[in-house]
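Here is how the chains run, residue by residue.
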Amino acid sequence: MKKVLISYSTKGGNTEKLAKAIAEGVNSQKGFEAILKRAKDTSPQDLVEADGIILGSPVYFGTMSAEVKDLIDRSVVVRRKLKDKVGAVFTTSGHITGGKETTMFSMIYAMLIHEMIIVGDPIEAGGHFGVACTGEPTEGDLENGKRLGIRVCNIIRKLNNN
């Protein structure tokens, strides 16, 4: 069974709703299991044990939350152990121009430093850097989250030749 860790922080619950939709997409794939954890409860070993890692954060002043940043800071002890794992990101914000792309980039940069393989959202979801929404996720946003979970699984499958 391949494991996809979805680690996130949430304050008002919107990021958690999107995380659960992504997990639904992962769990819909045969041979895959989503592991949902708050960033503060995620250990560096959880990152190592996962076949794919999807990070999510609300936008805080154009970047990730302190919880997600803390996880990334703690991940330094497993730096060489995340090489070639599949990674993806998602975010939520309170305003349409609230810094969603910069927040996604802040998480992507850390994944790139870990030498991870970054997956953007599927073209049906907009085809950009990751899944994002403003305010409470709509049905369309939740569907895009499911698509991202499925896409991460498909890339893991391709990398493992099965």
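Above this text sits the structure in question.
Residues numbered from 1 in each chain as written. Predicted model: local features only at pLDDT ≥ 70, side-chain atom pairs only at ≥ 80, totals over all residues. Heavy atoms only, no water.

With respect to unusual backbone geometry
At step 1: Residues other than glycine seldom take positive phi values, yet aspartate 84 does so here, at roughly 70°.
At step 2: Secondary-structure assignment places aspartate 84 in the loop between helix H3 (66-74) and strand E4 (86-93).
At step 3: Among the residues examined, aspartate 84 registers a relative accessible area of 47% and is labelled partly exposed.
At step 4: Although it is not a glycine, glutamate 115 sits at a positive phi angle of roughly 65°.
At step 5: Assignment of secondary structure puts glutamate 115 in the loop between helix H4 (100-113) and strand E5 (117-118).
At step 6: Glutamate 115 gets classed as partly exposed once you look at its relative accessible area, which sits at 34%. (Helix = DSSP H or I, 4+ residues; strand = E, 2+ residues; numbered from the N terminus. Buried < 20%, exposed > 50% of the residue type's maximum accessible area, 1.4 Å probe, protein only.)

What to know about H4
At step 1: If you check H4, its first and last C-alpha atoms are 20 Å apart, about what 14 residues at 1.5 Å a residue would give, namely 20 Å.
At step 2: All buried positions along H4 are accounted for by Lys100, Thr103, Met104, Ser106, Met107, Ile108, Ala110 and Met111.
At step 3: Residues of H4 that are buried in the fold lie against strand E3 (52-58), H3, E4, E5 and strand E6 (131-134).
At step 4: Just downstream of H4 lies glutamate 115, where phi reads positive at about 65°. (Expected span 1.5 Å × (residues − 1). Contact = heavy atoms within 4.5 Å.)

Some words on the pairing of E6
At step 1: Burial of E6 is one-sided: the residues Val131 and Cys133 facing one way are buried, the residues Ala132 and Thr134 facing the other way are not.
At step 2: In this sheet, E6 lies alongside E4 in parallel orientation, the contact comprising four bridges. Bridge pairing links threonine 91 to alanine 132 in E6. (Pairing = 2+ DSSP bridges.)

Quick look at the nonpolar core
At step 1: Of all hydrophobic cores here, the largest spans 22 residues; its most connected members are Val4, Ile6, Val26, Ile54, Phe90, Leu148 and Val152.
At step 2: Those elements that place two or more of their residues in this core are strand E1 (2-8), helix H1 (14-27), strand E2 (32-38), E4, E6 and helix H5 (139-159).
At step 3: Residue contacts for isoleucine 54: discarding those within four places in its chain leaves Val4, Leu5, Ile6, Ser7, Ile22, Ala88, Val89, Phe90, Leu148 and Val152.
At step 4: Residues Ile53, Val68, Leu71 and Met104 belong to the second largest nonpolar core, which totals 19 residues. (Core = buried A, V, L, I, M, F, W, Y, C linked by side-chain atoms within 4.5 Å.)

The values reported here are purely geometric and, on their own, carry no functional implication.
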